[in-house]
Amino acid sequence: MSSESYKVDSNNIPDASNLKIGIVVSRWNHSITDNLLKGSIALLESKNTAPENIQIIYVPGSFELVYGCRKMQKKGVDVVIAIGSVIRGETKHFDFICNATANGIKDLNISGNCPVIFCVLTDDNIQQSIDRSGGKFGNKGKEAAIAAIQMASI
Ligand code: DLZ
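Residues numbered from 1 in each chain as written. Predicted model: local features only at pLDDT ≥ 70, side-chain atom pairs only at ≥ 80, totals over all residues. Heavy atoms only, no water.

Focus on the overall build of the chain
Regarding its fold elements, the chain presents five helices and six strands. The N-to-C order of helical and strand elements in the chain reads β-α-β-α-β-α-β-α-β-β-α. Since a compact globule built from 154 residues should have a radius of gyration of about 15 Å, the 15 Å found for the chain is in line with a globular shape. By its C-alpha atoms, the chain is 45 × 35 × 30 Å across when sized along the principal axes. (Helix = DSSP H or I, 4+ residues; strand = E, 2+ residues; numbered from the N terminus. Rg over C-alpha atoms; globule rule 2.2 N^0.38 Å.)

Structural notes on the site of the ligand
Residues in close proximity to the ligand include Ser26, Trp28, Asn29, Gly61, Ser62, Phe63, Glu64, Ser85, Val86, Ile87, His93 and Ile97, which together make up its full environment. A distance of 2.5 Å is found between an oxygen atom of the ligand and a side-chain nitrogen or oxygen belonging to Glu64. In the environment of the ligand, an oxygen atom lies 3.1 Å from a nitrogen or oxygen atom belonging to the backbone of Ile87. Considering the ligand on its own, with 490 Å² of exposed area, one finds that the protein chains cover 71% of that surface. Sorting the residues of the shell around the ligand by element identifies strand E3 (79-87) and helix H3 (93-111) as the ones contributing at least two each. (Near = heavy atom within 4 Å. Polar contact = N/O pair within 3.5 Å; in protein donor to acceptor, adjacent residues only side chain to side chain. Areas by Shrake-Rupley, 256 points an atom, 1.4 Å probe, with all protein chains shown as cover.)

Examining the packing of helix H1 (residues 30-46) against helix H5 (residues 140-152)
Taken N-terminus to C-terminus, the directions of H1 and H5 make an angle of 45°; their axes are 6 Å apart at the nearest point. Classified by the angle between their axes, H1 and H5 sit oblique to one another. Between H1 and H5 lies a crossing of right-handed hand. Taken together, the residues of H5 that come into contact with H1 (itself represented by Leu36, Gly39, Ser40, Leu43 and Leu44) are Lys140, Gly141, Lys142, Ala145, Ile146 and Ile149. (Axes fitted to C-alpha atoms, helices over the stretch in contact; angles between N-to-C directions. Parallel < 35°, antiparallel > 145°, perpendicular 65-115°, else oblique. Left-handed = near helix turned anticlockwise from the far one by under 90°. Contact = heavy atoms within 4.5 Å.)

A few points about the environment of Gly135
Within the secondary structure layout, Gly135 lies in strand E5 (residues 133-135). Taking the relative accessible area as the measure of exposure, Gly135 reaches 29% and is therefore partly exposed. Along the sequence, Gly135 and Asn35 sit 100 residues apart, while their C-alpha atoms lie 9.8 Å from each other. (Buried < 20%, exposed > 50% of the residue type's maximum accessible area, 1.4 Å probe, protein only.)

Observations concerning the nonpolar core
Buried together is how nonpolar side chains tend to be arranged in soluble globular proteins. Formed by 23 residues in total, the largest nonpolar core has its most connected members in Ile21, Ile23, Leu44, Ile81, Ile83 and Ile149. Taken together, the elements giving at least two residues each to this core come down to strand E1 (21-26), H1, E3, strand E4 (116-123) and H5. Contacts of Ile149, omitting those with residues within four sequence positions, involve Ile13, Pro14, Ala16, Leu19, Leu43, Leu44 and Lys47. By size, the runner-up hydrophobic cluster in this structure holds 17 residues, among which are Ala82, Cys114, Val116 and Val120. (Core = buried A, V, L, I, M, F, W, Y, C linked by side-chain atoms within 4.5 Å.)

This is the structure in structure tokens:
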């Protein structure tokens, strides 16, 4: 049985013209994270977020997203989106990076002053990442931006 994804009614996403959004982007697998970033920005702008209200920080890899997001939470934004792409290799590095990043971002949601959205692809191969960053399974950056608007509007 496949999982039941949550379908968003795009007419039902709140207006985002008053929101300040922080986006932290990992440079590792940058062709993927660039497309995720483009998806997020396009969605935010379609909901009227002004470009000057979108702050972007780049970090070297997904492991550094937690620190970058913690910095971003202190910049007075309403919500932070963490964008990364981890692709499984031959060693356990994948598991360490994924676990540390997910747990770190979870901790920021508990202790920080604004929500942090988890837009980190954790794929077995590059094709899965391409499919989810503007390919046949859509753009998870866009979905993350929708989640960001919803969380900031709570
Ligand atoms: C080292 C590493 C590896 C092997 N793979 C990835 C990856 O697939 N995606 C990613 O975002 N980062 C990777 N990194 C880099 C780590 O996230 C981190 O930047 C370094 O270990 C330095 O702390």
